[in-house]
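An overview of the molecular structure
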Amino acid sequence: MINNFLFEEARQLLAEEFCVLPCMAIKKHPEYSWKLYQKLRPNEAQLFAFFNSNSEYNAICFLTGKICGNLEVLDFDLQGELYPAWVESVVKVNPDLLKRLIIETTQNHGVHVAYRCEAEINETLKLARRKIVIKEK
């Protein structure tokens, strides 16, 4: 049975030129190969079929990059430990920028910051791995 709420949300996002696929929140990725959709957004009929094929789908995942209008996501893992320092840096440079970003808390208490870029987005890049505390002597 189709999850009408998620299907309608996905349909609206598709209309706004996002590339979205259904998934199970616990897994954070679709059950089938998403590589095809890096170059071709699903159409409304495909979305309906996806959401109708598995009643366990309870989330929507976004593909990033060119297919999504150069959507890029910063992923602050480890319960978002570096997010406050990032926010502080952003506010110093441009206090109004945070209002223009999509910011969400993840199921593991991390933070995702999403935005669209003018330049083409090509690949995943790790910017940092862990916060390192250096004790003063």
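Quick note: structure is the one above.
Residues numbered from 1 in each chain as written. Predicted model: local features only at pLDDT ≥ 70, side-chain atom pairs only at ≥ 80, totals over all residues. Heavy atoms only, no water.

Here the focus is the overall build of the protein. Per the secondary structure count, the protein includes 3 helices and 5 strands. Residue pairs at least 24 apart in sequence account for 71% of intrachain contacts in the protein once pairs closer than 6 positions are excluded. Summing over all exposed atoms, the protein offers an accessible surface of approximately 10100 Å²; the carbon and sulfur share of this is 53%. (Helix = DSSP H or I, 4+ residues; strand = E, 2+ residues; numbered from the N terminus. Contact = heavy atoms within 4.5 Å. Areas by Shrake-Rupley, 256 points an atom, 1.4 Å probe, with all protein chains shown as cover.)

Phi is positive for Glu-17, close to 70 degrees, though the residue is something other than glycine. Residue position: Glu-17 is located in the loop between helix 1 (4-15) and strand 1 (20-23). Residue classification places Glu-17 among the partly exposed positions, given a relative accessible area of 48%. Even without being glycine, Asn-70 reaches a positive phi, approximately 60 degrees. Here Asn-70 lies in the loop between strand 2 (59-62) and strand 3 (71-76). Judged by relative accessible area, Asn-70 falls into the buried class, the value being 13%. (Buried < 20%, exposed > 50% of the residue type's maximum accessible area, 1.4 Å probe, protein only.)

Next up on the list: helix 1. End to end, helix 1 covers 16 Å across 12 residues, agreeing with the expected 16 Å (1.5 Å per residue, within 8%). Every buried residue of helix 1 is listed here: Leu-6, Phe-7, Ala-10, Leu-13 and Leu-14. Seen along its axis, helix 1 keeps its buried residues to an arc of 125 degrees; they face one direction. Along helix 1, exposed side chains directed more than 90 degrees from the buried face belong to Asn-4, Phe-5 and Ala-15. The inward-facing, buried residues of helix 1 contact strand 1, helix 2 (44-53) and strand 2. Phi turns positive one or two residues past the end of helix 1, at Glu-17, with a value near 70 degrees. (Expected span 1.5 Å × (residues − 1). Arc of directions from axis to C-beta.)

On to the packing of helix 1 against helix 2. A pair of packed helices can be characterised by two numbers: the angle between their axes and the separation between those axes. Here helix 1 crosses helix 2 at 155 degrees, and the two axes come no closer than 10 Å. By the angle class used here, helix 1 and helix 2 are roughly antiparallel. Every pair of crossing elements has a handedness; the one defined by helix 1 and helix 2 is right-handed. Along its contact with helix 1, which presents Leu-6, Phe-7, Ala-10, Arg-11 and Leu-14, the element helix 2 presents Glu-44, Leu-47, Phe-48 and Phe-51. (Axes fitted to C-alpha atoms, helices over the stretch in contact; angles between N-to-C directions. Parallel < 35°, antiparallel > 145°, perpendicular 65-115°, else oblique. Left-handed = near helix turned anticlockwise from the far one by under 90°.)

Time to look at the pattern of salt bridges. When the charged atoms of two side chains with opposite charge come close together, those side chains can pair. This model, assessed by the stated rule, comprises 4 salt bridges. Arg-11 is the salt-bridge partner of Glu-8, the closest N and O atoms lying 3.0 Å from each other. Pair noted here: Glu-8 and Arg-11 are both in helix 1, with a separation of 3 residues, about one helical turn. Given the relative accessible area of 37%, Glu-8 is considered partly exposed. (Salt bridge = Lys/Arg side-chain N within 4 Å of Asp/Glu carboxyl O.)

On to the sheet that holds strand 3. Taken in spatial order, the 3 strands make up an open sheet running 3-5-4, and their pairing is antiparallel. Two strands in the sheet have a free side with no partner beyond their single neighbour: strand 3 and strand 4 (102-105). Between one strand axis and the next, the sheet turns through 20 degrees on average, direction left out of account. Two elements, strand 4 and strand 5 (residues 111-116), share 4 bridges in a ladder whose sense is antiparallel. Each residue of the ladder has a partner; that of Ile-103, found in strand 5, is Val-113. (Pairing = 2+ DSSP bridges.)

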